[in-house]
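# Survey of secondary and tertiary structure
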Amino acid sequence: MKCSTDEEAGVVGELGEASDVRSLYGHMQGVQDRRGRRGRRYEAATVLTLMALAKLAGETTLSGIAHWVRLRGDWLQGVVPLRDQRLPCSNTYQYICERVDMESFQAEVEAFTAEVTAAKEGLETPAVGDEEVIWPQLVVDGKALRGSDRQAWPVQPAHMVLSAYHVQQRRVCRQMAISGRGGEAAAASALVQLLDLDGFVVSADALHTRPAWCRQIRQAGGHYLLIAKTNRRELYEDIACVFEGGPFREFPERHASTVDKGHGRLEQRSLRISAALADYLKPRWPDLAQVFQIERTISCRGLIRSERAYGLTSLPPHAVSPAQVMCLVRQHWHIENILHWRRDVTLGEDACQVCRGQTPLLLALINSLVLFLIDLTGATNAAAKIREFAAYPQRALDLILLP
């Protein structure tokens, strides 16, 4: 794929000299195209790269992508390999999305983000608290693609995806489709089998607080950090009893606390962590080392409310400090605040009405890729960066053609 530099030069950054990183277009050439050989007017790699380029510039739908590309036809003719110098319509984008191999597309996206991250030496999220978290963290959580829901005939429930999100690198390591309502637990079990968790801490919400899943994580070489709620009533009551009746002399507690002020509210957090239940719970909960209680007190506009949560982890006391545990718990919410919320609001994922075949899943993966690329620039406001790319599309092109 050739890149024209006649217009304003883009800001490629340090990765422009990284010879071991292939461009996004180079990776898209490795995606298997299941269309018949006859009638392939547009190369799948070209169309997929154009989709990422238009999404970086703020387009959220296939029709919007097609229109954006056509409006810039004269510029794109010099940088995009097109057989007959024609640009695809929205139906062509849909057709190609339905017929590329999803597994190979996901593998190439993951390889691209991994290569870029390795060259950039990671995009570490600043740690919350006084101590830096030394454990890389993967957050597993599901999300419904609400725009794919259809109530009229033929009725179709919204597609759902499960993502493994690398907090420090701000990238989705793996995405998996959830088959039907209630299938998230089964998808999480399958997801863990595909990941190398050696040296990682895996966190998830209370739905995944299951002994079998904890055993899978430990067998894969990772540690777990999970929240206990009343769906595991016996576990919940055991942990609550420890902190309501403690501390115990035989099992001293460790503490950490933080105070945050902003957006018109004052938030105080305190954590108590203990190894008191380790021996008692280990027969059922594999390698459980510590349990903890987090209490939050929030003051906002004269109103005060308190919240209390309990959790468990396989991280032993000598391997992690209370401040680091608190940081890991807070960073769990990055998948909601940094990934899911920005996909919904900034990239308009829930408003996108595409519902046919595998296209919603493919668009969700492209949205995650777009946010990764935006974070790669160091931008603190994704919406502002998208407006910049809309005004200067050459900069977006330089970003996806890094080498």
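The structure this text deals with has already been given above.
Everything in this summary refers to the structure shown in the same document.

Calculation criteria
- Residues numbered from 1 in each chain as written.
- Predicted model: local features only at pLDDT ≥ 70, side-chain atom pairs only at ≥ 80, totals over all residues.
- Heavy atoms only, no water.
- Buried < 20%, exposed > 50% of the residue type's maximum accessible area, 1.4 Å probe, protein only.
- Helix = DSSP H or I, 4+ residues; strand = E, 2+ residues; numbered from the N terminus.
- Arc of directions from axis to C-beta.
- Contact = heavy atoms within 4.5 Å.
- Polar contact = N/O pair within 3.5 Å; in protein donor to acceptor, adjacent residues only side chain to side chain.
- Salt bridge = Lys/Arg side-chain N within 4 Å of Asp/Glu carboxyl O.
- Core = buried A, V, L, I, M, F, W, Y, C linked by side-chain atoms within 4.5 Å.
- Disulfide = S-S within 2.5 Å.
- Pairing = 2+ DSSP bridges.
- Axes fitted to C-alpha atoms, helices over the stretch in contact; angles between N-to-C directions.
- Phe/Tyr/Trp six-rings, centres within 6.5 Å; stacked < 30°, edge-to-face > 60°.

Residues Ala382, Lys385, Ile386 and Phe389 constitute the buried set of helix α14 (residues 382-391). For α14, the arc enclosing every buried residue in end-on projection is 100 degrees, short of the 170-degree limit, so these residues lie on one face. Facing away from the buried side of α14, by more than 90 degrees, are the exposed residues Arg387 and Ala391. Those residues of α14 that are buried lie in contact with α2 (44-56), α12 (334-345), α13 (359-376) and α15 (393-400). One side-chain oxygen of the residue at the start of α14 lies 3.1 Å from the amide nitrogen of alanine 383, identifying that residue as asparagine 381.

A separate point is the pattern of salt bridges. The final tally for this structure, using the stated rule, is 26 salt bridges. Between glutamate 98 and arginine 356 there is a salt bridge whose closest N-O contact spans 2.5 Å. Of this pair, glutamate 98 sits in helix α5 (residues 90-99) while arginine 356 sits in the loop between α12 and α13, placing them 258 residues apart in sequence. Ionic contacts of the salt-bridge type, sharing partners, join the residues Asp260, Arg265, Glu267, Arg269, Arg296, Arg305, Glu307 and Arg330 into one network.

The next point concerns the nonpolar core. Counting residues in hydrophobic clusters, the biggest one holds 69 residues, and the most contacted among them are Met51, Leu53, Tyr93, Phe105, Leu362 and Leu373. Looking at which element gives the most residues to this core, the answer is α13, with 13 residues. Contact partners of leucine 373, with chain neighbours within four places excluded, come to Leu56, Phe112, Leu399 and Ile400. In terms of nonpolar packing, the next biggest core, distinct from the first, is built from 35 residues, Leu162, Ala164, Leu191 and Leu288 among them.

Applying the stated rule across the entire model yields 0 disulfides. Here cysteine 355 is not cross-linked by a disulfide; its sulfur's nearest cysteine counterpart is in cysteine 352, at 9.4 Å.

The sheet built from 9 strands is open, its strands ordered β3-β2-β1-β4-β5-β9-β8-β7-β6 with mixed pairing. Strands with a single pairing partner mark the edges of an open sheet, and in this sheet they are β3 (171-178) and β6 (254-262). In this sheet, neighbouring strand axes are inclined to one another by 20 degrees on average, regardless of whether the strands run parallel or antiparallel. Pairing analysis gives 9 bridges linking β6 to strand β7 (residues 265-274), with the strands arranged antiparallel. In the strand pairing of β7, aspartate 260 is matched with glutamate 267. Of the strands in this sheet, β1 (137-145), β4 (201-204) and β5 (223-228) touch helix α8 (residues 211-219), which is tilted by about 160 degrees from β5. Contacting β1, β2 (159-166) and β3, α12 crosses the sheet at an angle of about 35 degrees to β1.

For the rest of this paragraph, the subject is the packing of aromatic side chains. The full count for this structure, using the stated rule, is 2 aromatic pairs. A centroid spacing of 5.3 Å and a plane angle of 80 degrees characterise the contact between tyrosine 236 and tyrosine 310, whose relative ring orientation is edge-to-face. Of this pair, tyrosine 236 sits in helix α9 (residues 233-245) while tyrosine 310 sits in strand β9 (residues 303-313), and the two are 74 residues apart along the sequence. Ring geometry for phenylalanine 243 and tyrosine 310: centres 6.5 Å apart, planes at 20 degrees, overall stacked.

Turning to the side chain of threonine 49, a few remarks are in order. Residue placement: threonine 49 occurs in helix α2. Engagement of the side chain of threonine 49 in a polar contact is seen with the backbone oxygen of alanine 45, the distance being 2.7 Å.

Worth remembering: the numbers are spatial, not functional.
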